[in-house]
Each structure stands twice: as C-alpha cells, then as structure tokens.
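Architecture and fold: a report
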Amino acid sequence: MLFFGLTSLRGLAGVYTDYLWFDELDLTSVWRGTLLAKLVLAALFTAVFFVLLWANLVIAERLAPRFRPLGAEDELVQRFRETVGPHVGKVRAVVAGLFALLMGVNTASQWHNWLLFRNSVDFGIEDPQFHRDVSFYVFRLPFLSFLVDWVFYALLITALVTVVAHYLNGGIRVQGPAPRVTPQVKAHISLLLGLLALLRAADYWMQRFELNFSTRGAVHGATYTDVNAQLPALHLLIFISLAAFVLLVLNIRRQGWVLPVIAVGLWAFVNVIVGTIYPAFIQRFRVEPAEVEREAKYIARNIEATRHAMNLDTVEESDFAYAENLTSEGLASHAETVRNVRLWDPTYVKRAYQRQQEIRQYYQFNDVDVDRYTIDGRLTQTIVSARELNVGDLPRNSWVNRHLEYTHGYGAVVSPANAVTADGNPEFLVKDVPPTGTPEITEPRIYYGEALTGFSVVRARQDEIDYQQPDGTTRRTRYDGRGGVPLSSFLRRTAFALRFGDRNLLFSGLVNDESRVIFMRDIRHRAEQAAPFLRYDSDPYPVVHKGRIVWVQDAYTTTARYPYAQRADNDQLPGESGLRTSFNYVRNSVKVVTDATDGTMTFYVVDERDPIAAAYRKAFPKLFTSGSQMDPELREHMRYPEDVFRVQTNMYGRYHITDPEEFYGGTDAWNVSQDPGSGKPEAPQQSVQVFDRQGRLVSTKAKRMDPTYLLLRLPGDERESFLILRPFVAASQQDKQQNMTAFMTAKSDPGEYGKLQVFEMPRGQQIDGPSLIDARIKANDEISKEISLLNQQGSEVLQGNVLVLPIDTSVLYVRPLYVQSTSNPVPELRRVVVVYGRRAEMGATLQEALTKVFGAAPPTLEQGTTGGPPTPGSTGPPGTGVSSAVRGFLDQAQAAYDAAQVALTKGDLAEYQRQVNAMADLLRRAREAAATGAQTTPTTAPAGSA
C-alpha cells in the first residue's frame, strides 16, 4: 500500500509540476486544452458505454422467464439468483462500470484526432476519386473511423455480456427439453446483431475512402484494382450488411434462427469471395500483364498529389548549360562565393573548438552549426557553437555543485567558415570566457541547451559559479531571468521533491522561498512538451541576437492522410529526427525560438498557407505567433532545415518526372549522389543497411551525400544567397551511375525563404559527380604523394567533405584536408584540393589551389588575412599574406620532399628519413616565420640540411 501510495503521489506531483511549468511559460491554455480534451473523451465514452451495457443488462433481467421446467443446468442458475438476487442492481452497475472504464479510458488517446476534427480547415483541394476536400481525410476521417470502430466493439462486447446475462437469468439454455432460447431473448439478440450489421455497413462506407491510401498498386493511392474491384466489392458488402440488418430486424417478429443464419452466412461468403479473392484475381491477371496501361491514370493522380504534399510542385526548374569555360576573370566575379567557401567541416571544427575553447572541464560544445553574420559590412558564412554546461564532468559531484553552483554554460564561439590561422586553426570572431568579439554577446549565460538534463535551483542562498577570472578567483552571479518555477511554498517544494525523487529540495537550508527551479532544460524536450503534435528537426542551432543567445528549432506539420500521395522516403535521416515516421505530407510551418537564458519559447508560424498549422492555431491560439512578428534581424538567420530537404530531394529524384509512362519506366529517375566520404583517405566508402518492417536486412547501398549549407550566387542571380544544396546522379542498380545529372537548392534568405530550385545538367554529357571527383583526387600522383608524406610520423590526414560549388555554367569541387597528431588529435587545416574539369590541384590554401588551376584567384580569409591588399614583402598572389621568408622555407621544404622521393625510389631509407626530418624542420620554421611576420628570406641551404 505504501508503494502504491507513493507512486500515486508522484503521479499527482508530476501533473501539478507540469502545470506549473506551463504556467511559467504562460501556456496554461495549452495544458488545459489538452487535458480537457482527454478528460472529456474518457468521461463521455465511459458514460456512453456504461449506459449502453447497463440498459441491456436491465432488459436482460426483465426478459428473464419467471418459470421454466427444471433442467440439468438450472441448479447453477438457481444458485446465481439466490446469491446475486438481493444485490442485482449493484452487481449490474459494477459490471457495467468495469467494462465502461476498460472501453472508455483508453479513448483519451484520441485527443489529437478529436482536436483536429473540431478545428478542421479546408485545403481547397479535392481528391480525384471521391471529390472530397483533402481536409475530410486529414481532419475528419480518422476520428469518424475511430468512432465507428469503437461503437461496433462496444456493441459487440455488450452483446456478449448480454448473452451471458440471459444465460444466468435462464433465458438461454444449453441443455433441456424446453426451447433453448426464449422468444424474447431471440428478439433482443436479433436487435443487437442487427445494429452490429448496420455498423458494419458504416465501416464499409468508411473503408471506401481508405482506398485512397492503398499500397496495392504501382503507386500509393486508389489504383486500378482498388477502383474497379475493391470499391465495387465494398459497395456490395454495404448492401449485404444493410440487408442483414433488415433480416435481423424482421427476425424480432419471427423469433427464429433461419434469418440470422442466412444474414451472417451471406455476409461471410461475399466478404471472402468478393472482398478478397476477386480483387486479388483482378490484380494478378488483369493489371500485372499490362500494368503501365491500366495504372497510367492513377499514377498521374499520385504524381500530382505527391508533388503537392511534399511541396515539390513549387520547384523552379532550370537548365544548367554546363561548360568548362571558367576563367580567373569569371572566378573574380564570384569573389564573395570564393571568400565564403566552407573549408571547416563541422565534424572536424568541433574537435578544434573543444580543444581550444572549452576552457574548463565543465563546459562542452555539443554541436556546431553553419550560419551567416555580417562582419565588417560583408555577409560571411560562419561556424557557430554554444558553450554549454557539462553536468557529467563537474570538479566535484556533490548535490550543491550539481544543482546550485554549476547551473549554466557561458557564451559561444563564432568563426568564419573560410578563415584559418597560420597554424591551421579556426580564426575566431567570438571566443573565450567571458566572450569577446563580434557579434557582441551581452548576456552569455546558457541555462537551456541541447543536451541539458536534470534541474538547477537558482536564486538560492548559494550563489552560482559564473566563470574563473584571469587572477584565479571565481566570479559568481545570481539569476535575474524570468525562467524557472518559483519554490514559493512548502507544497511546491514537496511536489518537486517527489517529481525528482530528491529530498534535499525540502530539507536543504540553501533553498528558500525566493528560489526557482529550472527543469526541462533540453530545448527539444521543452518544445515537445509544449507542442507534442509537431515534429522537430534533428539540428537546432544557436543565434547571437541582440546580445543574447537564442536557439532556433525547425518544426514540421505532417500527416499520413493525404489522398494519393506517396509515403515519404525518409531513408538516412538522423535517428533523432522527428521525421523518422510514416507520413505523406510535410510542411516546415513553425520556427521555435527559445531564449538560452530565460527559456521562453515562441512558436512562429512561418507558413500561413498550411491548413494543418491553421488547425492547430485554432485549437491553441495562444501558443502560436505569426511569423510576420519575428524580429527582422532574427529572420536573417533562418535556415531552410536539413531534414525536410533530405526528404524532398529523396522524393524529387523520382517525382521530377510528370509523365505517367516515363515515371513507371523510371529511365530518367535520379538518386541523391553517393557520399564520397570523409575521414581517413584509406577509409572505404560509407554504406547503409536497409531493413524491412520486420527488421530483416533487405539490401546494402551507398550512403548519400548530406545537404550542404553554402553562401554563393546561383546562375541568373544578382547576389549571393545562403542556401542548402544536394546533387543528383542517375538512378542505377548497385550505384553504377556516378555522373551528376542535377542539383537542388533551397534558399534561406528573407524574401526568398524556402524557394526550391533544380538545375539540370545537359543530357548525354558526362559530368563527374562527387564520387568520381573523389576517385580523381585519389588517382592524382602528386596529391597522393603529399598526403602520404603528411600521413606519417605520428600524424594522420583527415579528408573533409567534397563541396559542390556551381559557378556560372561550371562546377567547382573543393575538399579541405586536415592533419592531426595521433597523440593529441586536434585537426588543423593544412591543404585544400580543388578539382575543375579533369584537373585536380592541391595548395596550402584555397587561394593557392585555385591559382594553380586558373592562374589567379580572389582573396580568401585563410591564414588570418582579410582579403585586402597584399602585405609588404609578400611574394604570393594578392591577399595570401605569405612573406618571402615563409615562401623560402616552403621552397626548401619542397626540395627536401623531392629529394626524399628520389631516395625512396633508390631504396635508401636512411637518406629518405633524413630528408623527411629536414622537411619537417623547414615546415616548422615556416610556421614560426608566418606567426612572427618575419620578412627576411632564409639563407638557402642544401636539401636535407638541418
């Protein structure tokens, strides 16, 4: 009893503290609306079932025979009457109540369908088969189908319990000379069976509409067999069910068993023969031999519905007049694109951030994200990460440390995606604790983040630790935000102590009435708690906005109820993506902005045309804010989300074909390009395993390229755009085709947000895709030799992703290379490979590699340069900032490398090692000269001298 009592108290404490959490966010209307919907459904259906069963038990009692000849089983009936007789009303109420609770309470799970049913909004689009607005299928049909099913099973259970009641009351006998079922009982049972037949007719009526989601044919939706065999079968079953209802009602007067047997037998026969065997026969012998002819009409319906449901009907298609005619002048006209080429792969820059900017063990960078900021008046692609609290690595794991002192992370780091210091590290725009740099951060404390668990108590008698000052002292602070629930009463402290199973909240003298408890600190968990009916993107990202750090999360509205639309191909989505579910309609309708300091959430509706978002706004008007009210400065940091772009590109590979016959043949189908991989050069190409719904391995195929955020100017545009890009190759068995056929982009800038564009390559022309580019890089002797040289003596080379950069009518490929120590693995950017046409070149910088290919190149942000004029004494191209001293050391290092290769060819390993050591020393001196800005040309020394 004690265990159940404590469990119940914890449950009540959870409900109460959830309410307090919603109250903190001024969202109690959402809490009440959801809870009220659940309570109303549970109470209503429980009451309906109770009345239904109770009434039938009363009727069974009143129809009980007053006298029947004694039989072998009457002794049991007599004993039941003697035992229950004085309490028959109570027993009846208890039985009806128990069954009512079993059938009624679970209906609370239908609260979501009920809210959509009540707040339905028209799509303005009719399905082509039954000519009903799509809103009927999305908002009304799910709840109506549930209602019909529930009433059917409620009547079925009522009928079964009523039969038992008639038996116990003597109205039904299994043995005996007298009639086994009294006429009155036959009438009662006939009526119940008749109602079941009527409900079955209603269910068949609903099943007609479910054909729009059939998966039987060549595509999803009602196809030839569904329309020409299954639909007529359902119409016949409706007629049979209505006829059975009439026969069973007539049987109330006849009171025999002939009509019920005829009704049930006829229904069973038609259901098996017409409802199952006949459609299967039509599919096998009429459709499959001429499938493209029979299904063309329905494939056209599927194409149109799928393109709209996945928002692919808005894609702007253009021909990409590919030509390898890019010159240094053409490259110069795209100087801003070159300046913003993302040389820092998020996978590797995260490690550099961790080593250089975590500062203390109790900080961590959970993720890095790509964004853009205006720096010195120029839009610059950046890498951004928030410095969050690492609750798993505190100096001392005490209760005070975990919950009172170490309560928050501190600041963020921002670095240009193209900028590299002389020693190969990111060049930070914002860094350190407290943060310095631009954009300025005036409120750096992060109480809410991506992976924060547990709870913190702020405004306690114990001040929080802010950060360590340069003199070694600790700076402390007190929380002045609006986040957290006040622990202003003994009841609240008790409730939270029960919720967290932590008695210290009650007994610690450091917690007082002014204290506030901050919990649900994970931003994704917070959004899901406030709006569980939305689906969330796997990659929230931080934005420095007006001196504060805010988190932006993309949220989606989805449904699997869009008629004729194909189920989404969500293959290779991250495991934490909310889109890893079954759906055939999606919109990125909501942006959730969460303040990292006070935890306030704003759900901005950025797609006002989405009917599902409109329905949710009707249900919860106080939860949502119009996207037009978003701060314009924050709007400039909106990104088109990766997860939905993955789904759209997966689907577009097939659904760019609009002709039904061409679609069926699939000769022009595309796949997203194979991922050439990253990491160690010798690592094999990545692959993924595909499993069916039963968990059985179906196939293994190459991993597809991830979407890439880029800042570049597309063909036909007048300025650069921040966009996301993914390339296509021709679809083929075993991924044999690796030539690029097209690429898709989605823009993120205000005014063009969500604009989807596809640029299709000329047909019949071989244009290398990313996997072929990877092969070309590996086949280049000079590049392979240099990678081999870097990849030894305690160092290893890591390849970044292959970047696809469309410039004018050409395509440029860029791959950064990093070197890290095996003993202290911090990746440093050391080389950049550029591939254009048939030529692949490697340089110490992007500008150097581009210069090798085109003869000249625009300035970049590498090696601490700003893209301005060359520094005095520079001998490199404008903007490289490479001094004559550095150039001299590099030239000697190259000579040592050449000598080492000659020695290796001759088998002289001792001379080979001496030359390698000399080269390493010269490279070290070059780095030192670059760091100090030395301008003196080094004295020429023979290759191999120390």
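Residues numbered from 1 in each chain as written. Predicted model: local features only at pLDDT ≥ 70, side-chain atom pairs only at ≥ 80, totals over all residues. Heavy atoms only, no water.

**Let's talk about the overall build of the chain**
In terms of helices and strands, the chain carries 26 helices and 33 strands. Counting across all 946 residues of the chain, residues that qualify as buried make up 54%. Considering only intrachain contacts with a sequence separation of at least 6, the fraction spanning at least 24 residues in the chain is 69%. Accessible surface for the chain amounts to roughly 41100 Å². Of this, 55% is attributable to carbon and sulfur atoms. (Helix = DSSP H or I, 4+ residues; strand = E, 2+ residues; numbered from the N terminus. Buried < 20%, exposed > 50% of the residue type's maximum accessible area, 1.4 Å probe, protein only. Contact = heavy atoms within 4.5 Å. Areas by Shrake-Rupley, 256 points an atom, 1.4 Å probe, with all protein chains shown as cover.)

**Let's talk about the confidence of the model for the chain**
In the predicted model, the chain carries a mean pLDDT of 88, and 88% of its residues have values of at least 70. Note that pLDDT drops below 50 for residues 934–946; the model gives that stretch 31 contacts with residues more than four away or on any other chain. (pLDDT = per-residue confidence, 0-100.)

**Topic: the environment of Asp149**
Here Asp149 lies in helix H6 (residues 134–168). Each C-alpha atom of the pair Asp149 and Asp203 lies 7.2 Å from the other, and the pair is 54 residues apart in sequence.

**Considering unusual backbone geometry**
Cis geometry is found at the peptide bond from Val433 to Pro434, where omega equals -5 degrees. Looking at where Pro434 falls in the secondary structure, it is placed in the loop between strand S8 (430–431) and strand S9 (436–437). Positive phi values are uncommon outside glycine, yet His131 reaches one of about 60 degrees. Looking at the secondary structure, you find His131 in the loop between helix H5 (111–118) and H6. Here His131 falls in the exposed class, since its relative accessible area comes to 52%. Look at Ile359: it is not a glycine, yet its phi comes out positive at around 70 degrees. Looking at Ile359, the relative accessible area reads 39%, which means it is partly exposed.

**Notes on the packing of helix H10 (residues 291–309) against helix H20 (residues 642–655)**
Axis separation between H10 and H20 bottoms out at 11 Å; the angle between their running directions is 155 degrees. In terms of orientation, H10 lies roughly antiparallel with respect to H20. Both H10 and H20 take part in a crossing whose hand is left-handed. On the side of H10, the interface is formed by Asn302, Ile303, Thr306 and Arg307, while H20 contributes Met651, Tyr652 and Tyr655. (Axes fitted to C-alpha atoms, helices over the stretch in contact; angles between N-to-C directions. Parallel < 35°, antiparallel > 145°, perpendicular 65-115°, else oblique. Left-handed = near helix turned anticlockwise from the far one by under 90°.)

**Some details on the packing of aromatic side chains**
The full count for this structure, using the stated rule, is 46 aromatic pairs. With a centroid separation of 6.2 Å and an interplanar angle of 90 degrees, the aromatic rings of Tyr640 and Phe645 are classed as edge-to-face. This pair shows no difference in class: Tyr640 is buried, exactly as Phe645 is. Ring geometry for Tyr709 against Phe722: centres 5.5 Å apart, planes inclined by 5 degrees, an arrangement best described as stacked. One end of the pair, Tyr709, is in strand S25 (residues 708–712); the other, Phe722, is in strand S26 (residues 721–730), with 13 residues separating them in the sequence. Here Tyr709 and Phe722 have matching classes, each one buried. Taken together, the ring pairs connect Phe45, Phe49, Trp114, Phe117, Phe143, Phe146 and Trp150 into an aromatic cluster. Above the plane of the ring of Trp205 lies Arg208, whose end atom (NZ or CZ) is 3.8 Å from the centre. Positioned above the aromatic ring of Tyr541 is the side chain of Arg639, whose terminal nitrogen or guanidinium carbon lies 4.1 Å from the ring centre. (Phe/Tyr/Trp six-rings, centres within 6.5 Å; stacked < 30°, edge-to-face > 60°. Lys NZ or Arg CZ within 6 Å of the ring centre and 35° of its normal.)

**A closer look at the pattern of salt bridges**
A full pass over the atoms with the stated rule returns 44 salt bridges. Among the ionic pairs, Asp598 bridges to Arg548, the shortest N-O distance being 3.8 Å. Of this pair, Asp598 sits in the loop between strand S19 (585–595) and strand S20 (601–605) while Arg548 sits in strand S18 (residues 548–559), and the two are 50 residues apart along the sequence. For Arg548, a relative accessible area of 28% puts it in the partly exposed group. Residue Arg763 is joined to Asp668 by a salt bridge in which the shortest nitrogen-to-oxygen separation is 2.8 Å. On the criterion of sequence distance, the pair formed by Arg763 in the loop between strand S28 (756–760) and helix H22 (770–779) and Asp668 in the loop between helix H21 (660–665) and strand S22 (670–672) is long-range, its members being 95 residues apart. Given a relative accessible area of 59%, Arg763 falls into the exposed group. Through salt bridges with shared partners, a single network forms among Glu316, Asp717, Lys747, Glu752 and Lys755. (Salt bridge = Lys/Arg side-chain N within 4 Å of Asp/Glu carboxyl O.)

**Section: the packing of helix H4 (residues 88–104) against H6**
Interhelical geometry of H4 versus H6 gives an angle of 155 degrees and a closest axis separation of 12 Å. Of the possible angle classes, the one that applies to H4 and H6 is roughly antiparallel. Of the two elements, H4 crosses H6, and the hand of that crossing is right-handed. Residues Val95, Phe99 and Met103 of H4 lie in contact with H6, whose contacting residues are Trp150, Tyr153, Ala154, Ile157 and Val161.

**Section: the nonpolar core**
By size, the foremost hydrophobic cluster in this structure holds 95 residues, and its most contacted members are Leu331, Leu812, Val814, Leu846 and Leu850. Ignoring any residue separated from it by four or fewer positions in sequence, one finds Val814 in contact with Val341, Leu343, Asn801, Val802, Leu803, Leu805, Val832, Val833, Val834 and Leu846. Phe130, Leu141, Ala201 and Ala615 belong to the second largest nonpolar core, which has 94 residues in total. (Core = buried A, V, L, I, M, F, W, Y, C linked by side-chain atoms within 4.5 Å.)

**Quick word on the pairing of strand S3 (residues 369–375)**
Of all seven residues in S3, six are buried; the element is thus mostly enclosed. Two strands pair when backbone bridges link them, and S3 and strand S4 (residues 378–386) are joined in this way by seven bridges, in the antiparallel orientation. Looking at the pairing, Asp371 lines up with Thr382 of S4. (Pairing = 2+ DSSP bridges.)

**Some points on the sheet that holds strand S14 (residues 485–486)**
Strand order in the open sheet formed by three strands is S11-S15-S14, with antiparallel pairing between adjacent strands. Two strands bound the open sheet, and with one partner strand each, they are strand S11 (456–458) and S14. Both S14 and strand S15 (residues 516–518) contribute to a ladder of two bridges, which runs antiparallel. Considered in S15, the bridge of Val485 is made with Val517.

**Details of helix H24 (residues 846–854)**
In terms of residue burial, H24 counts as a mostly covered element, since seven of its nine residues are buried. Against helix H11 (328–332), helix H12 (335–339), strand S31 (810–821), strand S32 (828–836) and strand S33 (839–843) lie the buried residues of H24. The first or second residue beyond H24 is Gly855, which carries a positive phi of 90 degrees.

**Considerations on helix H17 (residues 523–530)**
Those residues of H17 not exposed but buried are Ile523, Arg524, Arg526, Ala527 and Ala530. All buried residues of H17 project into a common sector of 160 degrees when viewed along the axis, lining one side. The N-cap residue of H17 is Asp522: its side-chain oxygen and the backbone nitrogen of Arg524 are 2.9 Å apart. (Arc of directions from axis to C-beta. Polar contact = N/O pair within 3.5 Å; in protein donor to acceptor, adjacent residues only side chain to side chain.)

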